[in-house]
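Below are the chains, spelled out letter by letter.
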Amino acid sequence: MGASWAEYHRSMAALKQHADFGVVGEVSVIAAAAKPDAGPVYQMVTVKVDQVVWTGNSSHPVPATVTFEQTGGTFQNVTYIVDDDPLFKVGEKVVVFFKEYSPGLYRVSGGPTGRFGLANGVVNAVVPDAIQVPSGTNVAGLLKL
Amino acid sequence: MSNNIVRSTAHLALAAALAGLCALTLTAQPALAYNLEGQRWAGTPTSGCCANLTIQFIHFETGLDNAYGNWANYNGVDSNVNWYSGSSVATADQTFNGGVSWDGITYYNFDGSNNFTSANAWLNDYYASGYSLQDRIGVMSHEAGHQIGLAHGSGCVLMVPDTPTRSSCGVWTPQTDDLNGAKAVY
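In this text the structure is predicted, and so the values were computed from the model without any measurement. Position labels on residues start from 1 in each chain and follow its written sequence. Chain labels run from A onward and ligand labels from 1 onward, assigned in the order the entries are written. In keeping with the model being predicted, local features are shown solely for residues with a pLDDT of at least 70 and side-chain atom pairs are shown and tallied solely at 80 or more, while totals for entire chains, interfaces and linings include all residues. Here the side-chain values reflect all heavy atoms present in the structure, with hydrogen atoms and water set aside.

Residue and element names in this part refer to chain B. Within the fold, Thr44 resides in the loop between strand E1 (35–36) and strand E2 (51–57). Accessible area is worked out with a 1.4 Å probe on protein chains only. A residue is then buried under 20% of its type maximum, exposed over 50%, and partly exposed in between. Given a relative accessible area of 13%, Thr44 falls into the buried group. Between N or O atoms, a polar contact is any pair within 3.5 Å; within protein, one atom must be a potential hydrogen donor and the other a potential acceptor, and residues adjacent in sequence are included only when both atoms are from side chains. Among the polar contacts made by the side chain of Thr44, one reaches the main-chain carbonyl oxygen of Trp41 at a distance of 2.6 Å. Here, residues are in contact when the closest pair of their heavy atoms is within 4.5 Å. The residues contacting Thr44, other than those within four sequence positions of it, are Ala51, Leu53 and Tyr186. Helical segments are the DSSP runs of H or I of at least four residues, strand segments are the runs of E of at least two, and each set is numbered from the N terminus.

The following block contains the structure:
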């Protein structure tokens with residue numbers, strides 16, 4: 001799948017401007033993918049929050065788990081992936097910045113530019129040419145970019 | 001005398017350097033400023049005019065169809081692709097979803113030979129309802145690019161990944177690099 005992004009952050013400043021909070025967590029649940037009539041295949045992903053690392057614009061407490069929609073998934077034995085936005089995997093450690101777009105409803109701010117991989121304490125950008133994350137950057141370093 | 005020789009040598013070196021630069025400029029291949037998904041529509045020519053493709057508009061507002069008409073050519077550059085309106089497995093529609101960060105998406109299937117079997121594009125009015133008509137056309141022109149097999153590019157081109165960049169560049173129709181990408185497929 002190919003997307004046109006309405007939000008596509010090229011700096012942490014831009015990401016913080018559009019997000020409500022950022023968390024370190026683990027992908028705990030991915031529901032079976034579905035295909036609506038008016039839209040592509042999607043799956044609901046749940047991240048268990050280990051640590052809230054940034055709150056900027058949130059007017060509500062950050063929940064213990066955040067469930068959100070990811071476009072793509074495996075439906076009728078075919079796996080669909082948005083080109084720039086790899087599918088989340090259960091057990092994956094992540095840093096994700098969310099926008100509460102409606103009370104109790106969240107999206108990843110900026111799609112692939114609002115999420116990062118986390119391995120051995122080191123943050124990796126999903127889209128390397130969006131927010132530039134120097135090699136070896138940890139979460140605290142990411143927040144200072 | 002020696003100064004003249006030095007000066008002449010310098011002139012010769014400068015001339016040689018300029019000649020080399022000219023030769024390099026003339027022989028260097030232009031960088032490909034487009035990327036391809038790897039899929040195409042079967043039964044269309046691989047070069048020359050034209051891949052005549054059909055798009056089916058579903059709940060699609062008047063004026064947005066220009067997003068497809070714009071692909072024929074721009075500033076005298078042809079794309080080798082013409083879109084026509086009609087019944088098709090390639091569709092264009094509108095949706096409304098605040099749970100995602102995209103304002104447009106193309107969902108496609110293809111066979112084992114990398115030929116498209118369907119390609120459905122949506123404009124997400126959660127975002128696009130606040131756009132100018134030009135930016136809305138830009139989003140769907142971008143999706144039409146995906147529907148012919150183009151992937152994302154960079155810079156001030158239609159296939160740049162995001163609407164804010166296209167808007168700040170003033171791009172809402174295929175640019176030369178986008179059209180060259182289409183010509184590389186068809």
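We are not done yet, so read on.
All names here are of chain A. Along the chain, Asp85 turns up in the loop between strand E5 (78–81) and strand E6 (93–102). A polar contact is formed between the side chain of Asp85 and the side chain of Arg115, at a distance of 2.7 Å. Contact partners of Asp85, with chain neighbours within four places excluded, come to Trp5, Gln70, Gly111, Pro112 and Arg115.

All names here are of chain B. Here a helix's expected span is defined as the number of its residues, less one, multiplied by 1.5 Å. Between its first and last C-alpha, helix H4 (residues 133–148) extends 23 Å over 16 residues, near the 22 Å set by a 1.5 Å rise per residue. With 14 of 16 residues buried, H4 is to be regarded as a mostly interior element. Just past H4, the residue Gly149 takes up positive phi, approximately 115 degrees.

Glancing now at the interface of chain A and chain B. By a widespread convention, an interface's size corresponds to the accessible area lost as its parts come together. Across the boundary between the two partners, chain A contributes 28 residues, which contact 31 residues of chain B. One side-chain nitrogen of Lys or Arg within 4 Å of one carboxyl oxygen of Asp or Glu is enough to make a salt bridge. Where chain A meets chain B, there are 1 salt bridge. One salt bridge connects B:Asp162 with A:Arg10, and the closest N-O pair in it is separated by 3.1 Å. At the junction of chain A and chain B, the tally comes to 25 residue pairs in polar contact (both at pLDDT 80 or more). Elements with a contribution of two residues or more to the side of chain A that touches chain B: strand E1 (2–5), strand E4 (65–75), E5 and strand E7 (105–108) of chain A. For the side of chain A that touches chain B, the element with the highest residue contribution is E1(A), accounting for 4 residues. All residues other than Ala, Val, Leu, Ile, Met, Phe, Trp, Tyr, Cys, Pro, Asp, Glu, Lys and Arg, Gly among them, are scored as polar; the first ten of these are nonpolar and the last four charged. When its residues are assigned to classes, the side of chain A that touches chain B shows 13 nonpolar, 7 polar and 8 charged.

Looking now at the sheet that holds E2(B). One requirement defines pairing of two strands: DSSP has to find at least two bridges between them. Reading across the sheet, the 6 strands line up as E1(A)-E7(B)-E8(B)-E6(B)-E2(B)-E5(B) and stay open at both edges, with mixed pairing between neighbours. The open sheet has two edge strands with one neighbour each: E1 of chain A together with strand E5 (81–85) of chain B. The average undirected angle you get between the axes of adjacent strands in this sheet is 20 degrees. In this description, a line fitted to the C-alpha atoms serves as the axis of each element, helices being fitted only across the stretch in contact, and the angle between N-to-C directions of two axes falls anywhere from 0 to 180 degrees. Contacting E1 of chain A together with E2, E5, strand E6 (90–95), strand E7 (102–110) and strand E8 (116–124) of chain B, H4(B) crosses the sheet at an angle of about 165 degrees to E8(B).

All names here are of chain B. Pairing of aromatic rings covers Phe, Tyr and the six-membered ring of Trp, with a centre-to-centre limit of 6.5 Å; geometry is then stacked below 30 degrees between planes, edge-to-face above 60, and tilted otherwise. If you walk through the whole model with that rule in mind, you get 18 aromatic pairs over all chains. Summarising the aromatic geometry, the rings of Trp41 and Phe116 are spaced 5.0 Å apart at their centres and angled 40 degrees between planes, so their arrangement reads as tilted. Here Trp41 is found in the loop between E1 and E2, whereas its partner Phe116 is found in strand E8, with 75 residues between them in sequence. Taken together, a centroid distance of 6.2 Å and an interplanar angle of 45 degrees make the contact between Tyr108 and Phe110 tilted.

Next up on the list: the pairing of E7(A). All names here are of chain A. Sheet analysis places E6 next to E7, joined by 4 bridges and oriented antiparallel. Within E7, the residue paired with Ser102 across the bridge is Leu105. Hairpin connection of E6 to E7: 2 residues between the antiparallel strands, including Gly104 at a positive phi of 80 degrees.

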